[in-house]
Amino acid sequence: MSNALLKVSDLEVRYGGILALKGVSFEVNKGEVVSLIGANGAGKTTTLRALSGMIPFSGGVEFQGQNLAKVPSHQIVRLGLAHSPEGRGVFPNLTVAENLQMGAFSRKDKAEIARNLEHCYELFPRMKERLKQKAGTLSGGEQQMLAISRALMAQPTLLLLDEPSLGLAPLIVAQIFEIIKKVNKEGVTILLVEQNARMALKVSNRAYVVETGKITLSGKGSELLNDPRVVASYLGGH
Ligand code: ATP
């Protein structure tokens, strides 16, 4: 029996006439950081959207042994799968505090929610200072931190992170990757989509290369960092 937390088999997604995912299969085991890397438009975001129930798909998606095919997205969050989406998706006209509350919508235990909030403030001290501020007035890095915090407020077993480093300055990117490592060490399994392949591979146990809707290569993060095909196509050739 496979001990995969997430098992994806032959995932296909269609946008009208375009087959954006052409049979993607991969696994994420409990405790891992797994990355999907690949060029713009390869299908990475589409994969995450399918997993969290945002778009219809065909093929198999099993999370903790449960088939997610017909499960609505709000229910998927309750099962322990949270998604920090591409473009962050914070609600710009709501305050930081309200955005965080939205992340806990699936939960009822007030004391536990309060503990999770404290934990987010520990991870991102700036968050506490900005609680009453509208999310739309935060810097890009702060919005990314809010998006991750909001997903963590669902107390996920598996966290999907889509392009957390996009458009951020190198110093902030380094902080985001430190947080990814920390959150993973605390027991959250992570599926990461990144254009910054080098940073992603450094923090990943394993990774998959996605090219035009298919997985073309997979391996340990450390191995792929030195794989000539990955180096040539995704690591700037050196
Ligand atoms: P990026 O990092 O640029 O988002 P990606 O690897 O995440 O790239 P996807 O966004 O998943 O790629 O896109 C996969 C393919 O599906 C692309 O050809 C894209 O043009 C197409 N696509 C994505 N979203 C839609 C949509 N809503 N309608 C039609 N086609 C789409």
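Residues numbered from 1 in each chain as written. Predicted model: local features only at pLDDT ≥ 70, side-chain atom pairs only at ≥ 80, totals over all residues. Heavy atoms only, no water.

Participant: How should I be thinking about the nonpolar core in this particular structure?
Facilitator: Counting residues in each nonpolar core, the largest one holds 47 residues, and the members touching the most others are Met-127, Leu-146, Leu-159, Val-183, Ile-190, Leu-192 and Val-230. When residues no more than four places from it in sequence are discounted, the contact partners of Ile-190 are Glu-32, Val-33, Val-34, Leu-158, Leu-159, Leu-161, Ile-180, Val-183 and Asn-184. (Core = buried A, V, L, I, M, F, W, Y, C linked by side-chain atoms within 4.5 Å. Buried < 20%, exposed > 50% of the residue type's maximum accessible area, 1.4 Å probe, protein only. Contact = heavy atoms within 4.5 Å.)

Participant: How should I be thinking about helix H6 (residues 140–152) in this particular structure?
Facilitator: What sets the pattern is the α-helix's 3.6 residues per turn: residues three or four places apart point alike. The end-to-end C-alpha distance of H6 is 18 Å, a good match for the 18 Å that 13 residues give at a rise of 1.5 Å each. Across the 13 residues that make up H6, a large majority, twelve, are buried. Among all positions in H6, only Gly-141, Glu-142, Gln-143, Gln-144, Met-145, Leu-146, Ala-147, Ile-148, Ser-149, Arg-150, Ala-151 and Leu-152 are buried. (Helix = DSSP H or I, 4+ residues; strand = E, 2+ residues; numbered from the N terminus. Expected span 1.5 Å × (residues − 1).)

Participant: Could you clarify how one ought to interpret the packing of H6 against helix H7 (residues 170–185) in this entry?
Facilitator: A pair of packed helices is captured by two measures, namely the crossing angle of their axes and the spacing between those axes. Where H6 meets H7, the closest approach of the two axes is 10 Å, and the angle between their N-to-C directions is 15 degrees. One way to sum up the angle between H6 and H7 is to call them roughly parallel. Both H6 and H7 take part in a crossing whose hand is right-handed. Residues Gly-141, Gln-144, Met-145, Ile-148 and Leu-152 of H6 form the contact with H7, whose participating residues are Ile-172, Gln-175, Ile-176 and Val-183. Looking at the contact of H6 with H7 residue by residue, the classes come out as six nonpolar, three polar and no charged. (Axes fitted to C-alpha atoms, helices over the stretch in contact; angles between N-to-C directions. Parallel < 35°, antiparallel > 145°, perpendicular 65-115°, else oblique. Left-handed = near helix turned anticlockwise from the far one by under 90°. Nonpolar A, V, L, I, M, F, W, Y, C, P; charged D, E, K, R; others polar.)

Participant: Help me understand the site of the ligand in this model?
Facilitator: Surrounding the ligand, one finds 13 residues, the nearest of these being Asn-40, Gly-41, Gly-43, Thr-45 and Thr-46. Thr-45 places a main-chain nitrogen or oxygen 2.7 Å from an oxygen atom of the ligand. Measuring from an oxygen atom of the ligand, one finds a side-chain N or O atom of Thr-46 at 2.5 Å. Protein chains shield 64% of the accessible area of the ligand, which is 630 Å² for the free molecule. When atom positions are compared with the pocket grids, the ligand is found to occupy the second largest pocket. (Near = heavy atom within 4 Å. Polar contact = N/O pair within 3.5 Å; in protein donor to acceptor, adjacent residues only side chain to side chain. Areas by Shrake-Rupley, 256 points an atom, 1.4 Å probe, with all protein chains shown as cover. 1 Å grid on protein atoms, 1.4 Å probe; cavity = no way out; pocket = protein on both sides within 12 Å on 5 of 7 lines; lining within 4 Å. Sits in = over half its atoms within 2 Å of the grid points.)

Participant: What exactly am I supposed to notice about the sheet that holds strand E5 (residues 66–67) here?
Facilitator: Paired through backbone hydrogen bonds, the strands of a sheet run either parallel or antiparallel to each other. Spatially, the four strands line up as an open sheet ordered E2-E1-E4-E5, and their pairing is antiparallel. Single-partner strands in this sheet number two, and they are strand E2 (18–29) and E5. Note: strand E1 (residues 4–15) against E2, nine bridges, orientation antiparallel. Within the sheet, the bridge partner assigned to Leu-11 lies in E2 and is Val-24. Its contacts with the sheet place helix H1 (residues 44–51) against E1, E2 and strand E4 (58–63), and it is angled at close to 115 degrees to E1. (Pairing = 2+ DSSP bridges.)

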